[in-house]
Amino acid sequence: AQTVTQSQPEMSVQEAETVTLSCTYDTSESDYYLFWYKQPPSRQMILVIRQEAYKQQNATENRFSVNFQKAAKSFSLKISDSQLGDAAMYFCARIQGAQKLVFGQGTRLTINP
Amino acid sequence: DVKVTQSSRYLVKRTGEKVFLECVQDMDHENMFWYRQDPGLGLRLIYFSYDVKMKEKGDIPEGYSVSREKKERFSLILESASTNQTSMYLCASSLQYEAFFGQGTRLTVV
């Protein structure tokens, strides 16, 4: 059963602007990991950012940051100063059980020049 | 550099054929995974392995089997390929809550 949900199949943003991709998930665990992966046209999956659930501080990696709302089971990705190279499929994922990685349906992000 | 290599990038097979998709990692990782990627469905876990000769079913194991005789190699087997198994297949290995992926195999069953 799908336990990670991405409700936006497609998003688009103007170059240099900010975009937020949404993700919600189910879990009964108190400690877990959440991830955002990027898949460009080359098909190579690239880890964008990781959040540990026991850490209250939102993770940040350069232009990428997350808004982690543990009580709401929400984990959105914010991309600031969008660049053409950010165009890709973005997948939200969660570790389940013994390192089983479960993915959402994906959001296709288009960057308009 | 970390490396997960899938044996083929594109593959075309006939209905009823036995198909082997191979995945090799050079990082000495314990955990390895096979996913199937379809538009609108994301990545769905077929099987995973947490040690040599150990395997567990994922969410969609029907029609597939796996083999892990050596730590570095994890094979996905389609016993009798069918057209509904046409898809993108991704292999991954993981350690300490970080997964590394192969480049994917786009399989077409005709």
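Described below are features of the structure shown in this document. For clarity, every value in this text was computed on a predicted model and none was experimentally measured. (Residues numbered from 1 in each chain as written. Chains lettered and ligands numbered in written order. Predicted model: local features only at pLDDT ≥ 70, side-chain atom pairs only at ≥ 80, totals over all residues. Heavy atoms only, no water.)

Digging into the state of the cysteines
Which entries qualify depends on this criterion: The definition used for a disulfide is geometric: two cysteine sulfur atoms within 2.5 Å. For the purposes of this entry, the term helix denotes a DSSP run of H or I that reaches at least four residues, the term strand denotes a run of E that reaches at least two, and both are numbered from the N terminus. Only protein chains enter the accessibility calculation, which uses a 1.4 Å probe; a residue is then buried when its area is under 20% of its type maximum, exposed when over 50%, and partly exposed in between.
Overall, the coordinates contain two disulfides over all chains when judged by the stated rule. Disulfide pairing is shown between Cys23(A) and Cys92(A); the S-S distance is 2.0 Å. Across the disulfide from Cys23(A) to Cys92(A), rotation about the S-S bond amounts to roughly -70 degrees, and the bridge is consequently left-handed. Taken together, the residues span a long stretch of sequence, with Cys23(A) in the loop between β3 (19–21) and β4 (24–25) and Cys92(A) in strand β10 (residues 88–96) at a distance of 69 residues. Neither residue differs from the other here; Cys23(A) and Cys92(A) are each classed as buried. Disulfide pairing is shown between Cys23(B) and Cys91(B); the S-S distance is 1.9 Å. Looking along the S-S bond of the Cys23(B)-Cys91(B) disulfide, the torsion reads about -75 degrees, which is the left-handed sense. In this pair, Cys23(B) sits in strand β3 (residues 19–25) while Cys91(B) sits in strand β9 (residues 87–95), placing the two residues 68 residues apart along the sequence.

Here we look at the layout of surface pockets
The test is simple: For each structure, a 1 Å grid was placed over the protein atoms alone; sets of points admitting a 1.4 Å probe that cannot get out are labelled cavities, open sets with protein on both sides within 12 Å along at least five of seven lines are labelled pockets, and lining residues have an atom within 4 Å of a point. Grid points are joined across faces, edges and corners, and a volume is the space filled by probe spheres set on the points. Polar here means any residue outside two lists: the nonpolar Ala, Val, Leu, Ile, Met, Phe, Trp, Tyr, Cys and Pro, and the charged Asp, Glu, Lys and Arg; Gly therefore counts as polar.
Here the largest pocket defines a volume of roughly 450 Å³. Gln39(A), Met89(A), Arg108(A), Gln37(B) and Pro39(B) are the residues nearest the centre of the largest pocket, which is lined by 21 residues in total. For the lining of the largest pocket, the secondary structure elements donating two or more residues are β10 of chain A together with β4 (31–38) and β9 of chain B. The dominant element in the lining of the largest pocket, judged by the number of residues it contributes, is β10(A), at three residues. A per-class count over the lining of the largest pocket returns eight nonpolar, eight polar and five charged.

Quick notes on the interface of chain A and chain B
Counted only if it meets this: Residue contacts are counted whenever heavy atoms from the two residues lie within 4.5 Å of one another. Note on terms: buried area is the combined drop in 1.4 Å-probe accessible area of two parts once they are placed together, counting the loss on both. Should a side-chain nitrogen of Lys or Arg be within 4 Å of a carboxyl oxygen of Asp or Glu, the pair is scored as a salt bridge.
Opposite the 20 residues of chain A that make contact, chain B presents 27 residues. Interface area for chain A against chain B, summed over the two sides, is near 2,000 Å², with a carbon-plus-sulfur share of 49%. It is Arg43(A), Gln99(A) and Lys100(A) in chain A that bury the most area against chain B; as a group they hold 37% of the surface buried on that side. Inspection of the chain A/chain B interface yields one salt bridge.

Section: the pattern of salt bridges
One pass over the structure, following the stated rule, counts 11 salt bridges over all chains. Linking Glu52(A) and Lys55(A) is a salt bridge whose minimum nitrogen-to-oxygen distance equals 3.3 Å. The class of Glu52(A) is buried, set by a relative accessible area of 17%. A salt bridge links Asp38(B) to Arg36(B); the shortest N-O distance between them is 2.8 Å. Since its relative accessible area comes to 12%, Asp38(B) is described here as buried.

Let's talk about the pairing of β9(B)
Residues and elements named next belong to chain B. To be explicit about the condition: By definition, two strands form a pair when at least two bridges between them are found by DSSP.
By the criterion of burial, β9 is predominantly enclosed, with eight of the nine residues buried. Two elements, β4 and β9, share seven bridges in a ladder whose sense is antiparallel. Within β9, the residue paired with Met32 across the bridge is Ser93. Alignment of β9 against strand β11 (residues 105–109), held across three bridges, turns out to be antiparallel. Bridging from a neighbouring strand, Tyr89 pairs with Thr105 of β11. The pairing of β9 with strand β10 (residues 98–101) spans four bridges and is antiparallel. Along β10, the bridge assignment pairs Ala92 with Phe101.

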